[in-house]
Amino acid sequence: GEQSVSPSQQRIVIDSGKATPRLAKIWRKGTWCDVNVRVGGDVFPVNSQVLGSESPLLLAHFSKTRTDPQASLEPLKGGSDIQPAIFELALNYMYDGRCTVPNIYALVQLLATATILQITSLM
């Protein structure tokens, strides 16, 4: 028989309709990453211009810390509440135009992260 999947276990695909697979591939290789963003205990190499183009808050944050290749989201209001796995989903969305969220709970956290970071296309 068929197994039913509860909403808490159902994967959700968020697609902006503006996929950028080449940009995502470059990011995943670590090419052109000029900032290491620390979220919790994890470090994510990113390109500040890509993130700044998706988030006015991150654009301002990276502009202030331009000379420091190490950045943390903790100084941002609500930044210490962002979980590394959720930030990684947000990165996938910002770079690839889409992400797959594992369940409804992660979706709620992703939308809260989008609000904190002002990722308007995801809010």
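Here's the deal with the pairing of strand β3 (residues 42-46)
For step 1, the next point in the chain: Pairing analysis gives 5 bridges linking strand β2 (residues 35-39) to β3, with the strands arranged antiparallel. Note that in β3 the partner of N36 across the bridge is P45.

Let's talk about the pairing of β2
For step 1, the next point in the chain: On β2, burial follows the alternation: V35, V37 and V39 on one face are buried, whereas N36 and R38 on the facing-out side are not.
For step 2, the next point in the chain: Counted between consecutive antiparallel strands, the loop separating β2 from β3 contains 2 residues, among which G40 sits at a positive phi close to 60°.
For step 3, the next point in the chain: Looking at chain direction, β2 and strand β4 (residues 70-72) are connected through 3 bridges and run parallel. What sits directly across from V37, in β4, is A71.

Description of the packing of aromatic side chains
For step 1, the next point in the chain: The tally for this structure, following the rule as stated, stands at 2 aromatic pairs.
For step 2, the next point in the chain: Look at F44 and F87: their rings are 5.3 Å apart centre to centre, the planes differ by 65°, and that puts the pair in the edge-to-face class. In this pair, F44 is assigned in strand β3 and F87 in helix α4 (residues 84-96), connecting sequence segments 43 residues apart. Taken individually, F44 and F87 each receive the classification buried, so the pair is uniform in this respect.

A word on the sheet that holds β3
For step 1, the next point in the chain: The strand order β3-β2-β4 describes an open sheet built from 3 strands, whose pairing is mixed. Taken across any chain shown, the strands that pair with only one partner, and hence form the sheet edges, are β3 and β4. Sheet twist, expressed as the mean angle between neighbouring strand axes with direction ignored, is 30°.
For step 2, the next point in the chain: Against the sheet, helix α3 (residues 56-64) touches β2, β3 and β4, its axis set at about 135° to β4.

Section: helix α5 (residues 104-117)
For step 1, the next point in the chain: In a regular helix each residue adds 1.5 Å, so 14 residues correspond to 20 Å; α5 covers 20 Å between its end C-alpha atoms and thus fits that length.
For step 2, the next point in the chain: Buried residues along α5 sit in contact with β1 (12-15), α3, α4 and β5 (98-101).
For step 3, the next point in the chain: Downstream of α5 by one or two residues, Q118 has phi in the positive range, about 60°.

About the thresholds
Residues numbered from 1 in each chain as written. Predicted model: local features only at pLDDT ≥ 70, side-chain atom pairs only at ≥ 80, totals over all residues. Heavy atoms only, no water. Pairing = 2+ DSSP bridges. Helix = DSSP H or I, 4+ residues; strand = E, 2+ residues; numbered from the N terminus. Buried < 20%, exposed > 50% of the residue type's maximum accessible area, 1.4 Å probe, protein only. Phe/Tyr/Trp six-rings, centres within 6.5 Å; stacked < 30°, edge-to-face > 60°. Axes fitted to C-alpha atoms, helices over the stretch in contact; angles between N-to-C directions. Contact = heavy atoms within 4.5 Å. Expected span 1.5 Å × (residues − 1).

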